[in-house]
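Structure assessment
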Amino acid sequence: QVDLVESGGGLVQAGGSLTLSCTASITGFRYTFMGWYHQAPGSQRETVASITGIGSTNYADSVKGRFTISRNNEKKTVYLQMNNLKLEDTGTYYCKPVGSSHLNWGQGTQVTVSS
């Protein structure tokens, strides 16, 4: 069983910043390709950022230059630094290993961006 615990969400004004954290109880976390996903209200979940075990990153076009994904393998934690937040960034954010459809999603963390 893998536990994924996301935190750090909240209410922020447009242009503001938040840092999300996700702790994953994964054996071999340091080798795990991790992703952050965003689900806007009424929409499907989308990948916003991913990071390999050695720190190679990839971002959705919509967040490039604004979001930064990072990880601390000792703490089994992946982070998402979100800057210059936009109204469309509102939604629930989840983390999960990339390509792990067999795993359940965590509870996510809610981000609300206000004008």
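Residues numbered from 1 in each chain as written. Predicted model: local features only at pLDDT ≥ 70, side-chain atom pairs only at ≥ 80, totals over all residues. Heavy atoms only, no water.

**Let's talk about the overall build of the protein chain**
Secondary structure summary: the protein chain contains zero helices and 10 strands in total. Reading the protein chain from its N terminus to its C terminus gives the helix and strand order β-β-β-β-β-β-β-β-β-β. The C-alpha radius of gyration computed for the protein chain amounts to 13 Å, which stays within 12% of the reference 13 Å derived for 115 residues, consistent with globular compactness. Viewed in the frame of its principal axes, the protein chain has a C-alpha envelope of about 40 × 25 × 20 Å. Here the protein chain, with 115 residues, has 43% of them falling under the buried criterion. Surface exposure of the protein chain reaches about 6,100 Å², of which carbon and sulfur atoms provide 47%. Each charge class in the protein chain was averaged separately, 9 positive and 7 negative side chains, and the resulting centres sit 6 Å apart. (Helix = DSSP H or I, 4+ residues; strand = E, 2+ residues; numbered from the N terminus. Rg over C-alpha atoms; globule rule 2.2 N^0.38 Å. Buried < 20%, exposed > 50% of the residue type's maximum accessible area, 1.4 Å probe, protein only. Areas by Shrake-Rupley, 256 points an atom, 1.4 Å probe, with all protein chains shown as cover. Lys, Arg positive; Asp, Glu negative; His and termini not counted. Charge placed at Lys NZ, Arg CZ, Asp CG, Glu CD.)

**Considerations on the sheet that holds strand β1 (residues 4-7)**
With antiparallel pairing, four strands are arranged side by side in an open sheet as β1-β3-β8-β7. Two strands in the sheet have a free side with no partner beyond their single neighbour: β1 and β7 (67-72). Mean inter-strand twist for the sheet, computed between neighbouring axes without regard to direction, equals 15°. When β1 meets strand β3 (residues 18-24), the two strands line up antiparallel, connected through four bridges. Note on β3: the bridge partner recorded for Leu4 is Ala24. (Pairing = 2+ DSSP bridges. Axes fitted to C-alpha atoms, helices over the stretch in contact; angles between N-to-C directions.)

**Let's talk about the pattern of salt bridges**
Per the stated rule, a full pass over the model turns up three salt bridges. Across the pair Asp61 and Lys64 runs a salt bridge, and its minimum N-O distance is 3.2 Å. The class of Asp61 is exposed, set by a relative accessible area of 65%. You can call Lys64 partly exposed: its relative accessible area is 49%. (Salt bridge = Lys/Arg side-chain N within 4 Å of Asp/Glu carboxyl O.)

**Some points on the nonpolar core**
Burial of nonpolar side chains together is a common tendency in soluble globular proteins. Core analysis: the biggest nonpolar cluster contains 25 residues, and Met34, Trp36, Ile69, Val78, Leu80, Met82 and Tyr93 have the highest contact counts within it. For this core, the secondary-structure elements that each account for two or more residues are β3, β4 (34-39), β5 (45-51), β7, β8 (77-82), β9 (91-97) and β10 (109-114). Among the elements that take part in this core, β3 stands out by supplying four residues, more than any other. For Leu80, the residues in contact, after removing those within four places along its chain, are Leu18, Thr19, Leu20, Trp36, Val48, Ala49, Phe67, Thr68, Ile69 and Tyr93. (Core = buried A, V, L, I, M, F, W, Y, C linked by side-chain atoms within 4.5 Å. Contact = heavy atoms within 4.5 Å.)

**As for unusual backbone geometry**
In the Ramachandran plot, Lys76 falls in the positive-phi region, its phi being about 55° despite a non-glycine side chain. Look at Lys76 and you get partly exposed, because its relative accessible area is 31%. Of note in the backbone geometry, Asn84 takes a positive phi value of approximately 50° without being a glycine. Relative to the helices and strands, Asn84 resides in the loop between β8 and β9. With relative accessibility at 43%, the residue Asn84 sits in the partly exposed group.

None of the figures reported here should be taken as evidence of function without further support.
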